[in-house]
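Descriptive analysis of the structure
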Amino acid sequence: MHIDIITCLPKLVESPFSDSILLRAQKKGLVSVDIIDLRAYATNKHKTVDDYAYGGGAGMVLQIEPIDNCITDLKSKRQYDEVIYMSPDGELFNQAMANQLSLKGNLILLCGHYKGVDERVRQHLITKEISIGDYVLSGGELAAAVVADAVIRLLPGVLNDETSALTDSFQDGLVAPPVYTRPATYKGWNVPEVLLSGHEAKINLWKQEQAIKRTAQRRPDLLE
Ligand code: SAH
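Residues numbered from 1 in each chain as written. Predicted model: local features only at pLDDT ≥ 70, side-chain atom pairs only at ≥ 80, totals over all residues. Heavy atoms only, no water.

**Regarding the pattern of salt bridges**
By the definition in use, this model includes nine salt bridges. With a shortest N-O distance of 3.8 Å, Lys104 and Glu82 are connected by a salt bridge. With Lys104 in the loop between helix 4 (95-101) and strand 6 (106-110) and Glu82 in strand 5 (residues 82-92), this residue pair connects regions lying 22 residues apart in the sequence. Residue Glu82 is classed as buried on the basis of its relative accessible area of 15%. (Salt bridge = Lys/Arg side-chain N within 4 Å of Asp/Glu carboxyl O. Helix = DSSP H or I, 4+ residues; strand = E, 2+ residues; numbered from the N terminus. Buried < 20%, exposed > 50% of the residue type's maximum accessible area, 1.4 Å probe, protein only.)

Pasting the structure below:
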């Protein structure tokens, strides 16, 4: 898989891909991620990519020309399955969407900033719009990192334990059961006895029961 993240502020999106699981995934050659500086496609000598909104109102708008030039340049090198704009009014991101995207080959994630992008970008250059929740961020960079993280960790071989992603919350319509590690007793707070029993069938049954109980308590909507 290859992911291009287009942003006017590359630094905002670099660090999530420079450490831990996402870095390892790239080193293993399971995914490549390029962070593309939109300013490299600026058409004026000041290298600006935003301008005042027509009709007035507060806030700058990212211009269509650099974005079009950038996407056209990327498309001349690769074929893309989706050109995605991160947007608070996009389709709400969830695990099912992460699963679907993890099956794709090449993706572009376009980050807006300020007031967003010129509407004509959304009308003519974008194939999908994703929101990570009903709140407004300063830019699409953190949202793009969220989507890329959720997708990349699903690629076969990225997580060490192959079954690990399958036992995470939402994959089976349930939230995950609680987890514990050493020490078995801390300040008199004990790890559930069954987890120390070594009895695999009993442990699996306990995990399943806990997952159902937690889902009923925390996310009854998932059980409906
Ligand atoms: N004026 C816009 C918000 C712009 S926020 C509005 O009211 O809808 C600036 C940029 O941050 C957006 O262009 C988008 O790329 C990104 N962004 C903000 N909130 C987001 C969210 N919840 N999900 C995905 N991207 C978001």
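The discussion continues.
**Quick word on unusual backbone geometry**
Following Arg182, the chain continues to Pro183 via a peptide bond in cis, the omega torsion being 5°. Looking at where Pro183 falls in the secondary structure, it is placed in the loop between helix 6 (141-152) and strand 8 (185-186). Of note in this structure, Tyr114 is not a glycine but carries a positive phi near 55°. For Lys187, which is not glycine, the phi torsion reads 50° and is therefore positive. Inspection of the secondary structure puts Lys187 in the loop between strand 8 and strand 9 (189-190).

**Focus: the side chain of Thr215**
Of note, Thr215 is situated in helix 8 (residues 200-218). Residue classification places Thr215 among the buried positions, given a relative accessible area of 0%. Within the structure, the side chain of Thr215 is placed 2.6 Å from the backbone oxygen of Ala211, a separation counted as a polar contact. Discounting chain neighbours no more than four positions away, the residues touching Thr215 are Gly173, Leu174, Val175, Pro220, Leu222 and Leu223. (Polar contact = N/O pair within 3.5 Å; in protein donor to acceptor, adjacent residues only side chain to side chain. Contact = heavy atoms within 4.5 Å.)

**Notes on the domain arrangement of the chain**
Split into domains, the chain comes out as domain 1 (2-152) and domain 2 (170-223). Taken over C-alpha atoms, the centre of domain 1 sits 37 Å from the centre of domain 2. (Domains from an automatic or database assignment.)

**A word on the site of the ligand**
Taken together, 20 residues are adjacent to the ligand, and Tyr85, Met86, Gly112, Gly133 and Tyr135 come closest. Here a nitrogen atom of the ligand sits 3.1 Å away from a polar atom, N or O, in the main chain of Ile132. Here Tyr135 contributes a backbone N or O atom positioned 2.9 Å from a nitrogen atom of the ligand. Coverage of the ligand by the protein amounts to 85% of the 560 Å² it exposes when considered alone. Among the elements that make up the shell around the ligand, the one with the highest residue count is strand 5 (four residues). (Near = heavy atom within 4 Å. Areas by Shrake-Rupley, 256 points an atom, 1.4 Å probe, with all protein chains shown as cover.)

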